[in-house]
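Each chain, written out:
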Amino acid sequence: MDNVRLINPRDSADDDGLTRVPPQDLDTERAVLGGMILSPYVIPDVVEILEGPEFYNRHHETIYLTLVDLATRGEPVDPLSLTEALRKTGDLQRVGGVTYLHSLVDAVPIAANAPVYAATIRDIAARRSILTATTEVDQLVRSGQGDLADVIDLVREKISRATETSSPRATDATGWTFSDLTPVLDGTHKPQQPVVGARDDGIGLFYPGRVNGIQGESEAGKSWVALISCLVEINRGNHVAYLDFEDSEAGVVSRLLLIGANPDDIRDLFHYVRPGSTPTPAQLRQFVARIGDLGPSLIIVDGVTEAMVMMGLELTDNSEVAKFGRMLLRPLADTGGAVVPLDHVVKNNESRGRYALGGVHKLNAVDGVQYMLEAVRPFGINTEGRSRLRIAKDRPAQVRRHALPGGRNPMHWFADLVIRSEGEDFASAHLYPPIQHNDDPQETAAATDKAAQEEADIKDRETAVLDALAKATEPMSKNALEELIPGRASVTRRALTRLVHAGQVVTEQGPRKATLHRLPPKDGEKA
């Protein structure tokens, strides 16, 4: 085979077109690919090291990405499946044909060493990136163009990008290193503040560089809170990213326009993503790197349930929930933006607690603030909808101090989301601070309706208690009545207490000092 045709080096600034050849090791590249074909179990380890562009030979990159795709889809990885996959894409002859694919297997000294060979390829690619950057810097400096300060900033950016994105991952990036405690010990440490998004009074909602979150029932307004926060950041001149697993470009952007966003600002600063398939680990890393290049202050992940299903993860398995955080949420937060996943809760408000639908590890993974959104009045055209934003968790403890105690609700009240629709073309959107509006007639009416419903429920339960006691052949305990009568036990207890105080039920002491209940004797009957 013609080696010159096979190598097919990239056209780049690494090679000056004369005699210098950029750093490369084609034998090691072949060894990595051969090892992946012979022992597919090494593929996950190799994927942690290489994304694809590190290969000097573009044909090797094509073969590598095809192998990763086969493994990701759970298909067999061997010379036959690889050949068929390349034939389907039309790349088989371009990469050297069947003969070359089989020669890759012969190029493997030890298949288990593929990750070691991959690290070598990564290091060589880093050297090429550094050479590219230094060549560009040399040309830039020699040109004498531009302001010196701008030239220096550009030089720093090019060198930084070459050394950070192409070099081996730093050990301390994993967190497995000793922390510097000096700021805490000398009193200079300042707690991180929630400066992303804002209530109407300017108090921030989310912590940058952390995983935050909003959870609530469907149509409680989670996306409205997210879009209000996006608008705040856009108006500040910051980039925002919106990963949408539930809606569409038209649905999301139209609501942004509805609440007053400027179309030019949306075009320049609002970056919408609608994922359509399961990404490979390399694709996911590349995507996060692109997000990092934008430097957004806010990153919305709309639809955690749908995102986990797309990525093949089990919702109720806490280890899978933790894996989702490691794969997507934490890398996004490491870019410096406030990450805000939007999640669903179970419909039964008595059993939901502080947790979203699925594994409880969802809340454990939040290292910023987690909000629970409670629907008060539904949203719609030409109506005023309202939901209440409560704090389910506040790890840095800088949000809760701007909230009010929840009363009977253990979660503090942080804000009220209010959307006033004025037709199909405009809506005013607000996050009001927690001030009790006792003079609000709609709030008063809602409270009155709730009290009336509770009273009706108790009266119905009183009737059920009297019927049960009338049919009983002997006095009954409170527990026996609660088990016999369907519905919430607390309502049964309140109904029973009222009947005793009204004299419609009498009590007597039973065995083991138990309190028993029966109907009072009718006229002429013995007690």
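Heads up: the structure comes first, above all this text.
Residues numbered from 1 in each chain as written. Predicted model: local features only at pLDDT ≥ 70, side-chain atom pairs only at ≥ 80, totals over all residues. Heavy atoms only, no water.

Asker: Help me get a handle on the overall build of the chain, residues and values and all.
Answerer: Across its full length, the chain holds 19 helices and 12 strands. Each of the 527 residues in the chain was classed as buried or not, and the buried ones make up 42%. Taking the contacts inside the chain whose residues are at least 6 apart along the sequence as the reference set, 66% of them involve residues at least 24 apart. Of the accessible surface of the chain, which amounts to about 28300 Å², a share of 52% is contributed by carbon and sulfur atoms. (Helix = DSSP H or I, 4+ residues; strand = E, 2+ residues; numbered from the N terminus. Buried < 20%, exposed > 50% of the residue type's maximum accessible area, 1.4 Å probe, protein only. Contact = heavy atoms within 4.5 Å. Areas by Shrake-Rupley, 256 points an atom, 1.4 Å probe, with all protein chains shown as cover.)

Asker: Got a sec to walk through the sheet that holds strand β8 (residues 412-421)? Specific residues and values, please.
Answerer: One open sheet accounts for nine strands, arranged β3-β2-β4-β5-β1-β6-β7-β8-β9; its pairing is mixed. Each edge of the open sheet carries a strand with a single partner, namely β3 (270-273) and β9 (427-432). Recorded for the sheet is a direction-independent mean angle of 20° between the axes of neighbouring strands. Here eight bridges tie strand β6 (residues 369-377) to strand β7 (residues 384-394), and the two strands are oriented antiparallel to one another. Note on β7: the bridge partner recorded for Met372 is Arg390. (Pairing = 2+ DSSP bridges. Axes fitted to C-alpha atoms, helices over the stretch in contact; angles between N-to-C directions.)

Asker: Now, about the packing of helix α2 (residues 26-38) against helix α6 (residues 97-106): what can you tell me, with residues and values included?
Answerer: The packing of two helices is summarised by the inter-axis angle and the distance between the axes. Two elements in contact, α2 and α6, have axes whose closest approach is 7 Å; the angle formed by their N-to-C orientations is 90°. If you check the angle between α2 and α6, you find them roughly perpendicular. Contacts between α2 and α6 involve Arg30, Leu33, Gly34, Ile37 and Leu38 on the former and, on the latter, Tyr100, Leu101, Leu104 and Val105. Here the residues of the contact of α2 with α6 sort into seven nonpolar, one polar and one charged. (Parallel < 35°, antiparallel > 145°, perpendicular 65-115°, else oblique. Nonpolar A, V, L, I, M, F, W, Y, C, P; charged D, E, K, R; others polar.)

Asker: How would you sum up the pattern of salt bridges? Please name residues and give values.
Answerer: Applying the stated criterion across every chain, the model contains 23 salt bridges. One salt bridge in this structure joins Arg255 and Asp247, with 3.7 Å as the shortest N-O distance. Overall, the relative accessible area of 28% leaves Asp247 in the partly exposed class. (Salt bridge = Lys/Arg side-chain N within 4 Å of Asp/Glu carboxyl O.)

Asker: Got a sec to walk through the nonpolar core? Specific residues and values, please.
Answerer: As a rule of thumb, soluble globular proteins bury nonpolar side chains together. Formed by 43 residues in total, the largest nonpolar core has its most connected members in Phe206, Tyr242, Phe270, Leu298, Tyr371 and Phe414. Take this core: its biggest share by element is eight residues, from helix α10 (residues 222-235). Phe206 has contacts with Gln193, Pro194, Val195, Val196, Asn212, Ile214, Ser229, Leu298, Ala338, Val340, Val369 and Tyr371, leaving out every residue within four places of it along the chain. Among the nonpolar cores identified, the runner-up in size contains 31 residues, and Val32, Val46, Val68 and Leu70 belong to it. (Core = buried A, V, L, I, M, F, W, Y, C linked by side-chain atoms within 4.5 Å.)

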